[in-house]
Amino acid sequence: MTMNRGRDSPELREQRLRALHADAFDDLLRFTERRVPASEAPDVVSTVFLTAWRRLDDVPTEPGAARAWLFAVARNTMANQSRSWLRRRALDVRLADHWSEAGPDEAGATADRVDLARAFRSLSAADREVLALVAFDGLTADQAAQVLNCRRSTFAMRLTRARQRLRTALGDSAVTSSLKDHI
């Protein structure tokens, strides 16, 4: 297996990636469509080629070996997505448990929890994760940033935006005013 260690010009590197793409795209798409929902397959394949571009020096130069490398990356990408999906699903279950145990079961409190649960579920998985790390897991911004492998300032910006999107999703519901200090 021959490796190219960055000796090519940017133009040759781009041509090499384009050739890999032309040679393997259709097969990779079919490969992923058999394993993930068809709507997710193009994203997986895009991630494969992004990885190939970033690691072009690691992609074998022999066509058969390069295709095998791309398929391995696709398999790993799908496995990572599956683990992410399972983590998000586990978070949703924990949140449902938390809300079912929270406070007295008064009509108003129940309606507030329903509004909050609906608004929370309407957020992206990334927003839910950022909010949950702070609100449910009790992590500090520094700790949550470490969990997400980002800088504290990046996490703080994500948290601010996620809180704003939650407030927007809640709209004028009664829960908005009672949670203003917490979100």
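So, here's what we can say about the structure. Along each chain, residues carry numbers from 1 onward, in the same order as the chain's sequence is written. For a predicted model such as this one, the threshold for reporting local features is a pLDDT of at least 70, and the threshold for listing and counting side-chain atom pairs is 80 or more; totals across whole chains, interfaces and linings nevertheless cover every residue. Heavy atoms from the whole structure form the basis of all side-chain values; hydrogens and water molecules are not counted.

**A short note on the packing of aromatic side chains**
Aromatic rings from Phe, Tyr and Trp, with only the six-membered ring used for Trp, were paired whenever their centres fell within 6.5 Å, and each pair was classed as stacked if the ring planes differed by under 30 degrees, edge-to-face if by over 60, and tilted otherwise. On inspection of all chains with the given rule, the structure shows one aromatic pair. Ring plane angle 70 degrees and centroid distance 4.9 Å describe the contact between Phe31 and Phe71, whose orientation is recorded as edge-to-face. Remark: Phe71 occurs in helix H3 (residues 63-101) and Phe31 occurs in helix H1 (residues 10-33); sequence separation between them is 40 residues. Note on accessibility: Phe31 and Phe71 belong to one class, buried. To qualify as a helix, a DSSP run of H or I must reach at least 4 residues; to qualify as a strand, a run of E must reach at least 2; elements of each kind are numbered from the N terminus. Only protein chains enter the calculation, and the probe is 1.4 Å; a residue is then buried if its accessible area is under 20% of its type maximum, exposed if over 50%, and partly exposed in between.

**Some points on the packing of H1 against helix H2 (residues 41-54)**
Between N-to-C directions, angles span 0 to 180 degrees; the directions come from axes that are lines fitted to C-alpha atoms, helices contributing only their stretch in contact. Closest axis-to-axis distance for the H1/H2 pair is 10 Å, and the angle between their directions is 150 degrees. When the axes of H1 and H2 are compared, the pair comes out roughly antiparallel. Classified by chirality, the crossing of H2 by H1 is right-handed. Residues Arg13, Glu14, Leu17, Leu20, His21, Ala24, Phe25, Leu28, Leu29, Thr32 and Glu33 of H1 form the contact with H2, whose own contacting residues are Ala41, Pro42, Val44, Val45, Val48, Phe49, Ala52 and Trp53. Just so you know the grouping, Ala, Val, Leu, Ile, Met, Phe, Trp, Tyr, Cys and Pro go in nonpolar, Asp, Glu, Lys and Arg go in charged, and all remaining residues, Gly too, go in polar. In terms of residue class, the contact of H1 with H2 is made up of 14 nonpolar, two polar and three charged. For classification, angles of less than 35 degrees are called roughly parallel, those exceeding 145 degrees roughly antiparallel, those between 65 and 115 degrees roughly perpendicular, and all remaining angles oblique. Crossings are sorted by hand: turned counterclockwise from the far helix by less than a right angle, the near helix makes the crossing left-handed, and turned clockwise it makes it right-handed. In this description, contact between two residues means that some pair of their heavy atoms is separated by no more than 4.5 Å.

**Overview of the packing of helix H5 (residues 125-135) against helix H7 (residues 152-170)**
Interhelical geometry of H5 versus H7 gives an angle of 105 degrees and a closest axis separation of 9 Å. For the element pair H5 / H7, the angle class is roughly perpendicular. Residue-level contacts link Asp127, Val130, Leu131, Leu133 and Val134 of H5 to Phe155, Arg158, Leu159, Ala162, Arg163, Arg165 and Leu166 of H7.

Worth remembering: the numbers are spatial, not functional.
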